[in-house]
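Structural description and commentary
Next come the chains, spelled out residue by residue.
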Amino acid sequence: MTVTHRIEDIGSDLKMQLIECTEKLGAFSIALDKSTDIGNTAQLLIFIQSVTENFEISEDLLSLESLKDRTRGVDICDAVCRALQEGLTYVMLCVALFKRG
């Protein structure tokens, strides 16, 4: 097994843990943050925020999406929808969406 495959396996496992955790919570919010990489490509960071029944707050990175051509609202919406469709089956439990900065 190559290092690349191992890293991909670890990433998949972490994403599955995040999805399972989110499904148990019942409700969560999504936070968005935009950045630019060294190649001047816009990057959209999508975070899942939640509070457990013990009032523990967590924030986890769900996805890092590259916005290659434009950063219009429709492009950001498409990137968020893609990230959510990759595994979060309980999107209806999202109670808030906000953009940082």
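Presented here is an overview of the structure given in this document. (Residues numbered from 1 in each chain as written. Predicted model: local features only at pLDDT ≥ 70, side-chain atom pairs only at ≥ 80, totals over all residues. Heavy atoms only, no water.)

Quick look at helix α2 (residues 73-85) now. One turn of an α-helix holds 3.6 residues; hence residues three or four places apart share an orientation. Taking 1.5 Å per residue as the helical rise, α2 with its 13 residues ought to reach 18 Å, and the 18 Å between its terminal C-alpha atoms agrees with that figure. Residues D75, I76, A79, V80, A83 and L84 constitute the buried set of α2. On its buried face, α2 sits against β1 (28-36), β2 (42-51) and β3 (57-67). (Helix = DSSP H or I, 4+ residues; strand = E, 2+ residues; numbered from the N terminus. Expected span 1.5 Å × (residues − 1). Buried < 20%, exposed > 50% of the residue type's maximum accessible area, 1.4 Å probe, protein only. Contact = heavy atoms within 4.5 Å.)

The next point concerns the pattern of salt bridges. Applying the stated rule across the entire model yields 2 salt bridges. Across the salt bridge formed by R82 and E65, the nearest N and O atoms sit 3.5 Å from each other. You can see R82 sitting in helix α2 and its partner E65 sitting in strand β3, a full 17 residues away along the chain. Where D75 meets R72, a salt bridge forms, and the shortest distance between an N and an O atom there is 3.1 Å. A relative accessible area of 17% places D75 in the buried class. (Salt bridge = Lys/Arg side-chain N within 4 Å of Asp/Glu carboxyl O.)

Treat this as a map of the structure, not an account of what it does.
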